[in-house]
Amino acid sequence: MNRGAVPDRVPVSTHRFQLEPEFTLDDAAARLGYLAQLGVTDVYLSPVLQASEGSKHGYDVIDHRHVATGLGGDYAFERFAAAAKTAGLGVVVDIVPNHMTTPTPLTQNRPLWTVLRDGRESPLALWFDVDWDAQQGKVLMPVLGDTLEAVLDAGEITVGDEAGQPVVRYYDHVFPVAAGTADLPLVDLLAAQHYRLASWTIANDELNYRRFFDVTSLIAVRVEEPVVFEATHAKIAGLVQAGKIDGLRIDHPDGLADPSGYLDALAQATEGTWVVVEKILEGDEALPADWACAGTTGYDALLRVGGLFVDPAGAGPLDALSTALIGEPQNLHTIVEESKRWVVQGMLATEVSRLVRLLAQVVPAADSAMLRRALVELLVAMDRYRAYVRPGEAMTPDASRALAEAQSRATAAADESDRDAVALVADIARGVDVAGADLGAGAVRDEFMVRFQQTCGPAMAKAIEDTAYYRYVRLTGLNEVGGDPSSLGTATSDFHAFATGLATDWPHTMTTLSTHDTKRSEDLRARLFVLAERPEAWAEWVHAARELVADRRSDQVDALTEYFLWQTVVGAWPISADRLGGYALKAIRESKLHTSWTEPDEAYESAVADLVTLMANDPAVATHLAAWHDATSRETRANALGQKLVQLTMPGVPDVYQGNELVDLSLVDPDNRRPVDYDDRAARLARLDAGEAPGDLSDEKLLVTSRALRLRRDEEDVFIGRDTTYVGLPTSSEHLVAFGRGHGDHVGSGDRVEVAVLATRLAGRLADCDGWGDDTVDLPEGSWRDLLSDNVIAGGAVPIKNVLPEAGLPVALLVRAEEQG
């Protein structure tokens, strides 16, 4: 199902539900009528397979055979699927092929339990990506609070019974006992097991199973093995084949040994159902054209859509402001490089060690220390989550270019004595035969090629998303998954080119503005985008804000963290001290500048917590915040409504993340998984449908969302048909993004657009120059009706003020009036 193939059924739009024990499948089923009324065509579920007890997200799978009991179990899913069909909705499900969890207790994961009991000879040992030789035939289990010796001395490990079988216990942890070892003295018994208990502190250095990023509790699954693929996908494939699942979202494909091969196998098992992949594309990187999927989960669209509403002229003033506040200029490239080096050398040390062991087998005469230094430089220099190189196949131009550029950067950064080693490691990563290679090590070289690629993703994600983006403060609203904070703004011409490319190559890809993984919700980012449009006013505001708390702020709180938090408060206000405090703690630990998850500084964290309390509770601060939002309401409104309408009508399948049909000011998870008030949303929608005027920005966003979703549903061919097309509409104003949607080759010339979309951008600067004036937009000939205002407009070179009057909405959704009766 690559870009040349079309599945039998494609969602027209989706709405993401985050399932958890407090919002089960039955709870979700009760909201399907509302989703149908809203206009979505498919409900999109977070992972549904059996996860750890009480899981709030579902990515910690323990059993692929069943739907999670905490969500209602198999029968609840059957009820949900039937209810969805009755409501006329398809069902899309998120699946997690890359890993399972190492739960507490381990008895919940029967395959892993069996492997730990029986060792590498177990038939199920094939399931897990374990480097057995690195721990002398054992699996390292770093769960202890101290060294094994200290824990034994304290009497914290005991041998007990579980369902008639001997087990090893350490508090809530339970481990199996190998056959014939139960009667040994405790120390000897532990030494005889197929696992090694150790302190949690050594995981980053000695762990010998592949994990998800740096999460030791998530062990990689080898779905590249057909028997493992079948066992882990039988349930989902069966539900697809039974017509109870209509599409799939694939979590973290870059972690897989062979993403392309996996997607081929999945397409065969699911008879070519609609599939999108959680793939982060960097820069102008393209999704591999031969992948059997419809596209990505939409971070590439998020970047471009949001960029339309960011003023590039704000870059210089915002740079100057951050420099003045923190006392030195920031360079994102430098911050990313420093972060990646820290991650690769420390957090991912065990992954690097595994790669070095492979390199030493390929080129046994090479110095291992030099190979390690060269490998570190190459991983730091890679600017993509993965270069797709399959052993035994020719490299694609894109992969070749990515590796060549990484090699060039790594060579420049390496010591002169290590530069030949950098070239050597890069060639091995390409699959090139190198001088001095062991002639019998071809399979090892191929394994290195794969594992090198699997390590690039964690290096990127942990260094950029989870470190650098908590350090770089020029405009934090751009510090987003798949984002590029070094560049402000998307030119309308660039957006049109991007959207045209999607319509041509990936017309059924997903688009999004908010997900369970985004650092900030779409509306919070819309507020922060205003800072680039009003940098001088923002500078005055933030200086005044700092003065409000200056005499009560601890000197321990650094200016960078304080500025990061002021942007957070402005974006998320109103926000409780509890919510802001939880986010602030996560942010400062992720930044790793003064405290971290593994080495917390309690005094520093306490000082930040005190500042957070001031920000959230001080009446003077609240008044100051209200004044900012009153002064920038025009810009925020245009940004929030504009980016939503563009996302819902551009090429692709738009997802509306739960609750984001109204204004949502959520921060990173778990904040973005708070309960959603669907009763309020349903009541608001009913009032709008009854003809009541919108009462606030949330009502306006709901109006835009519902009318766009319903139009998509009613005019499916225009948006996802086989010949769906996109064309930018000419305008004389830089403050307008306008495009048309249609179907058929004739639309390329602009003579039969069926839907026209107009959105105001940089609304504050527009107001500064007295509005639209004589600016026009070229609408195709004919009569047009705005579904948002019910105004009727004649086509041609139309004054923009006639379509978007000062007293109306800053967006318009036009359809041909003659075809509306």
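Residues numbered from 1 in each chain as written. Predicted model: local features only at pLDDT ≥ 70, side-chain atom pairs only at ≥ 80, totals over all residues. Heavy atoms only, no water.

What follows covers the nonpolar core. Membership of the largest hydrophobic core comes to 188 residues, with the highest contact counts inside it found for Phe 17, Leu 45, Phe 77, Val 93, Phe 495 and Trp 538. Ignoring anything within four residues of it in the chain, the contact list for Val 93 reads Leu 45, Val 48, Phe 77, Ile 236, Ile 245, Gly 247, Leu 248 and Arg 249. Listed in part, the 44 residues of the second largest apolar core include Val 343, Leu 375, Ala 421 and Leu 424. (Core = buried A, V, L, I, M, F, W, Y, C linked by side-chain atoms within 4.5 Å. Buried < 20%, exposed > 50% of the residue type's maximum accessible area, 1.4 Å probe, protein only. Contact = heavy atoms within 4.5 Å.)

By the alternation rule, side chains of strand S2 (residues 42-45) split into Asp 42 and Tyr 44 and Val 43 and Leu 45, which are all buried. Sheet analysis places strand S1 (residues 14-17) next to S2, joined by four bridges and oriented parallel. Counted as the bridge partner of Arg 16 is Tyr 44 from S2. The pairing of S2 with strand S5 (residues 90-95) spans four bridges and is classified as parallel. By the bridge assignment, Tyr 44 is partnered in S5 with Val 92. (Helix = DSSP H or I, 4+ residues; strand = E, 2+ residues; numbered from the N terminus. Pairing = 2+ DSSP bridges.)

Below, the discussion takes up the state of the cysteines. Applying the stated rule across the entire model yields zero disulfides. There is no disulfide at Cys 456, and the cysteine sulfur nearest it, in Cys 293, is 20 Å away. (Disulfide = S-S within 2.5 Å.)

Two side chains that carry opposite charge are able to pair once their charged atoms sit near each other. Following the criterion strictly, the structure yields 73 salt bridges and no others. Salt-bridge contacts for Asp 129 lead to Arg 354; the nearest nitrogen and oxygen are separated by 3.0 Å. Taken together, the residues Asp 129 in the loop between helix H4 (110-118) and strand S7 (139-144) and Arg 354 in helix H13 (residues 349-362) connect sequence positions 225 residues apart. The burial state of Asp 129 is the same as that of Arg 354; both residues are buried. For Asp 398, the salt bridge is made with Arg 401, and the minimal N-O distance between the two is 3.0 Å. You can see Asp 398 and its partner Arg 401 sitting in helix H15 (residues 397-413), three residues apart, about one turn around the helix. By relative accessible area, Arg 401 is classed as partly exposed at 38%. (Salt bridge = Lys/Arg side-chain N within 4 Å of Asp/Glu carboxyl O.)

For the structure shown, the criterion picks out five cavities of 30 Å³ or more. Put simply, the largest cavity is a space of about 210 Å³. Listing elements by their share of the lining of the largest cavity, those giving two or more residues are strand S12 (211-212), H13 and helix H17 (442-465). Classifying every residue of the lining of the largest cavity by side-chain character gives six nonpolar, seven polar and five charged. (1 Å grid on protein atoms, 1.4 Å probe; cavity = no way out; pocket = protein on both sides within 12 Å on 5 of 7 lines; lining within 4 Å. Points joined across faces, edges and corners; volume = space filled by probe spheres on them. Nonpolar A, V, L, I, M, F, W, Y, C, P; charged D, E, K, R; others polar.)

Another aspect to go through is helix H10 (residues 299-307). Where burial is concerned, most of H10 is hidden: eight out of the nine residues are buried. Three or more residues of H10 are buried, namely Tyr 299, Asp 300, Ala 301, Leu 302, Arg 304, Val 305, Gly 306 and Gly 307. Buried residues along H10 sit against strand S16 (295-296), helix H18 (492-505), strand S17 (510-511), helix H19 (522-533) and helix H25 (633-649).

Moving on: unusual backbone geometry. A cis geometry characterises the amide bond from Thr 104 onward to Pro 105, with omega recorded as 0 degrees. Looking at the element boundaries, Pro 105 is found in the loop between strand S6 (99-101) and H4. In this model, Asp 669 is joined to Pro 670 through a cis peptide bond whose omega is 10 degrees. Tracing the chain through its elements places Pro 670 in the loop between strand S18 (653-657) and helix H26 (678-689). Notably, Leu 762 is not glycine yet its phi reads approximately 55 degrees, a positive angle. Along the polypeptide, Leu 762 turns up in the loop between strand S21 (755-760) and helix H29 (763-768). Leu 762 gets classed as buried once you look at its relative accessible area, which sits at 1%. Even without a glycine there, the phi angle at Asp 790 is positive, about 70 degrees. Among the secondary structure elements, Asp 790 is positioned in the loop between strand S22 (776-786) and strand S23 (792-799).

Here the focus is the sheet that holds strand S15 (residues 274-277). Taken in spatial order, the eight strands line up as S16-S15-S14-S5-S2-S1-S18-S17 in an open sheet, and their pairing is parallel. This sheet does not close on itself; its edge strands, each paired only once, are S16 and S17. In this structure, strand S14 (residues 247-250) lies alongside S15, joined through four bridges in parallel fashion. Looking at the pairing, Ile 250 lines up with Val 277 of S15.

On to the packing of helix H11 (residues 315-326) against helix H20 (residues 535-549). Viewed as axis vectors pointing N to C, H11 and H20 meet at an angle of 20 degrees, and their least axial separation amounts to 9 Å. Relative to H20, the element H11 is oriented roughly parallel. When you trace H11 past H20, the crossing you get is right-handed. When H11 is examined against H20, the residues Pro 317, Leu 318, Leu 321 and Leu 325 are found in contact with a partner set consisting of Pro 535, Glu 536, Trp 538, Ala 539, Val 542, His 543 and Arg 546. Looking at the contact of H11 with H20, its residues break down into eight nonpolar, one polar and two charged. (Axes fitted to C-alpha atoms, helices over the stretch in contact; angles between N-to-C directions. Parallel < 35°, antiparallel > 145°, perpendicular 65-115°, else oblique. Left-handed = near helix turned anticlockwise from the far one by under 90°.)

What follows is about H17. Counted at 1.5 Å a residue, the expected span for H17 with its 24 residues is 34 Å, and the 35 Å between its end C-alpha atoms agrees. Among the 24 residues that make up H17, 20 are buried, leaving the element largely enclosed by the rest of the structure. (Expected span 1.5 Å × (residues − 1).)

Moving on to the environment of Arg 304. Position of Arg 304 among the secondary structure elements: in helix H10. Considering only alpha carbons, one finds Arg 304 and Gln 643, 339 residues apart in sequence, at a separation of 9.7 Å. One polar contact links the side chain of Arg 304 to the main-chain carbonyl oxygen of Asp 300, over a distance of 3.2 Å. (Polar contact = N/O pair within 3.5 Å; in protein donor to acceptor, adjacent residues only side chain to side chain.)

Strands sit in the order S6-S13-S12 across an open sheet of three strands; the sheet is antiparallel. Looking at the sheet topology across the chains shown, the edges are occupied by S6 and S12. Pairing geometry for S12 and strand S13 (residues 215-220), over two bridges, is antiparallel. Residue pairing across strands places Arg 211 opposite Ile 219, the latter belonging to S13.

This structure, assessed with the given rule, holds 21 aromatic pairs. Note on Tyr 170 and Tyr 171: the rings are 4.9 Å apart at their centroids and 80 degrees apart in plane angle, and the pair reads as edge-to-face. A relative accessible area of 57% places Tyr 171 in the exposed class. Measuring from centroid to centroid gives 5.0 Å for Trp 291 and Tyr 388, while their planes differ by 80 degrees, and the two rings are edge-to-face. Placement of Trp 291 in the loop between S15 and S16 and of Tyr 388 in the loop between helix H14 (368-381) and H15 is noted, with a sequence separation of 97 residues between them. Each of the two residues, Trp 291 as well as Tyr 388, counts as buried. (Phe/Tyr/Trp six-rings, centres within 6.5 Å; stacked < 30°, edge-to-face > 60°.)

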